[in-house]
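Coordinates in review
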Amino acid sequence: MRFGRNILFLVLLLITLGSMLISCTEEREHTAPAIYDRDSVPVMTTYGVNTLISDSGVIKYRIVTEQWEVNENKKPSRWTFNKGILLTQFDLKKHVVGYIQCDTAVYFDKDRRWELHGRVRIHTAQGLSFYSNELFWDERNHQMWSYTYSHLRTPDKDLEGNWFRSDEQMTNYEIRQTKGWGVFSDTEMMPGPNSGFTPIDTSHVDSLKGPIVKQK
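Cut-off values and rules
Residues numbered from 1 in each chain as written. Predicted model: local features only at pLDDT ≥ 70, side-chain atom pairs only at ≥ 80, totals over all residues. Heavy atoms only, no water. pLDDT = per-residue confidence, 0-100. Contact = heavy atoms within 4.5 Å. Salt bridge = Lys/Arg side-chain N within 4 Å of Asp/Glu carboxyl O. Buried < 20%, exposed > 50% of the residue type's maximum accessible area, 1.4 Å probe, protein only.

In this section: the confidence of the model for the protein chain. In the predicted model, the protein chain carries a mean pLDDT of 76, and the fraction of residues at 70 or more is 64%. Every residue in residues 188-216 is under pLDDT 50, and counting partners more than four places away or in other chains gives 45 contacts.

Overall, the coordinates contain eight salt bridges when judged by the stated rule. Residue R113 is joined to D111 by a salt bridge in which the shortest nitrogen-to-oxygen separation is 3.8 Å. Since its relative accessible area comes to 24%, R113 is described here as partly exposed. In this structure D111 comes out as partly exposed when scored by relative accessible area, which is 30%. One salt bridge in this structure joins R153 and D158, with 3.4 Å as the shortest N-O distance. A residue is classified by how much of its surface remains accessible, and D158, at 16% relative accessible area, is buried. Taken together, the salt bridges that share partners define one network made up of D111, R113 and E115.

Set out below in C-alpha cells:
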C-alpha cells in the first residue's frame, strides 16, 4: 500500500515538473499596448521641401523647409514645421514682395492661421524689417500681432515694444510700450478728428505711453 502511494506521488511530481518545463520553454509573443491616440501620428512627413503654395489658382507663397508634417487628425488640422521655415510671398504678378523666416511654425490650414516661434524675421518690399520671438498671422482677417518683445525698423524709424499689431502687408502697423527713435511728419504728431492718430506722450521718453501708428 505504501509502495502504491509512493508511485502515485512520483507520477504526480513528474507531471508537475513536466508542466513547469513546458511553460518555461513555451514561446511568448511580446506585444506593446495599442496606440489609441491617432492625433500623435501625422498623415504625411516630407523632408527637404521647396514648393509653391497657391490660393484660388494664384501662386502666393514659396515654402522652403527641412521637415514638413501634415496632421489632419488633430483638431484643428495643421501643418507643422519643427526644423524652421522660409516663407516667400508673391504678389499677383508673381513678384517677390517679402519673406518670413522662423525656427518653428504651425499652420492651421482650415483656419488659415499661422503661429511662428523662435527668431521670427520679416522683410517687406517697402524696406520694413521686423524681429521677434513670436508672431501670429490670421490670413482671413489679414492681420498680424505679437505680445512679446518686437523690434521694427524702417528707413526712417527704429522702434522696440512689447505689443505689436499690423495688417499682413505691414503697411499699417501699431506698436506699444515703445522706445526708439523716428522721423515723424507734422500730421503724424498733431492729433485731429481726421488724422486717426493718438497723441504721443513725450513727457516720459523712457516709456512712451501712446501708440505710434504709421499709416500708408
